[in-house]
Amino acid sequence: LRSVVALVAALGLMAQEELPERTFRTTVSEVVVPVTVMTPGGGDYVSGLETRDFRLYDNDKLQDLDLDVSYSPISMVVAIQKSSAVEGMLPKIMKIGNMLETNVIGQHGEAMLLAFDHRQRIMQEWTNDGAKFSEALSRLMVGSGTSAMIDAVFFGVRELRKRPADHRRIMLLISETRDKGSEGRLKDALIEAEVHNVIIYTVNIDRALAMWTKTPRVKSNSPYPAASNPMPGGGGIAPPIPHMSAQLDGQQSMTFVPLIKEVFIQAKSLFIPNKAEVFTQYTGGREYGFTNLKSLEYALINLGEELHSQYILSYQPNNPEDAGYHEIRVEVNRPALEVRARQGYWAAARYGPESEN
């Protein structure tokens, strides 16, 4: 065990010191920061604050703020896991169409319904018609055993990028907190959401409860013992697995250190069991629990109240020369209030008249 821990620690240092970071670039002149302000203990939403009540720091540098007091329509992607693991919860999810329209999206908002298992499928294109959304929900069907949550976030952010610039971009993820089978990486999906000002909220399906309510599969009873069945693909004893470097091009002399580091980077996400927490924490969203229909209804009512009580702060960074991750800190000059906002964004150094994010 000590050897394994030492290897993981060594690989972590190698990954941090030697691996180049993936670069995301887009032209950004304004950073938008939706802010939720509540009384202590997460009690009531605080209204009536003005621009002078806020202080926003970008990498510890105080910024000049604008506060948008006008109503901004909501564009929301509702992404629902439909894998076999949550089969017993789908009938409850199918009932939320009217609640989404009334409490969350609003009269001038719009929503898209996305269902996912190992792939993503648009069940309803953008609409503000609650009847259409409810009808699309009624067509949800159980899919495969895979739940590619990270890929669903990528897909949802891509669709939100196409919406009007004056809309607030929201993604509501109703799923388990784990990912199973995504091709994309957690970090990359998070950066995409941050770059395009997408706030992610999650309604987390309790895995134990989902498995308990899952319809049991009928097993076929074969009169023959399992050992008598032929092996797949013609059978036979599997050949020994070659050295990992030999698997690449058959040359045993090839170095395999880069491969080890890449395996480590891909595996790092395994140490983050709750990926939903990562998305909500770094985009300024919030997690809700889902154990029954009542808890789901509570989550949607609370989400609607929050979205329609947010302050929309924006600013043009006065430190565009700071490359890398910019940490955002928002303070309110009134005591004992809780403030929640996105924690930061990614930016490249300014080389010309525009900054690249």
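Above this text you will find the structure in question.
Read on for a plain summary of the structure. (Residues numbered from 1 in each chain as written. Predicted model: local features only at pLDDT ≥ 70, side-chain atom pairs only at ≥ 80, totals over all residues. Heavy atoms only, no water.)

**Some remarks on the pattern of salt bridges**
Here comes step 1: For the structure shown, the criterion picks out 16 salt bridges.
Here comes step 2: In this structure, the salt-bridge partner of Arg334 is Asp53, at a minimum N-O distance of 3.8 Å. In this pair, Arg334 sits in the loop between β12 (324–332) and β13 (338–341) while Asp53 sits in the loop between β1 (31–38) and β2 (54–58), placing the two residues 281 residues apart along the sequence.
Here comes step 3: Among the ionic pairs, Arg139 bridges to Glu135, the shortest N-O distance being 3.1 Å.
Here comes step 4: Of the residues examined, Arg139 reaches a relative accessible area of 34% and is grouped as partly exposed.
Here comes step 5: Ionic contacts of the salt-bridge type, sharing partners, join the residues Arg55, Asp60, Arg329 and Glu331 into one network. (Salt bridge = Lys/Arg side-chain N within 4 Å of Asp/Glu carboxyl O. Helix = DSSP H or I, 4+ residues; strand = E, 2+ residues; numbered from the N terminus. Buried < 20%, exposed > 50% of the residue type's maximum accessible area, 1.4 Å probe, protein only.)

**Digging into the sheet that holds strand β4 (residues 66–68)**
Here comes step 1: Spatial ordering of the open sheet is given by β4-β11-β1-β13, a layout of four strands whose pairing is antiparallel. Here the strands that pair on one side only, and so sit at the sheet edges, are β4 and β13. Here the average twist between neighbouring strands, direction ignored, is 30°.
Here comes step 2: Pairing analysis gives three bridges linking β4 to strand β11 (residues 311–315), with the strands arranged antiparallel. Bridge pairing in β11 places Leu67 opposite Leu313. (Pairing = 2+ DSSP bridges. Axes fitted to C-alpha atoms, helices over the stretch in contact; angles between N-to-C directions.)

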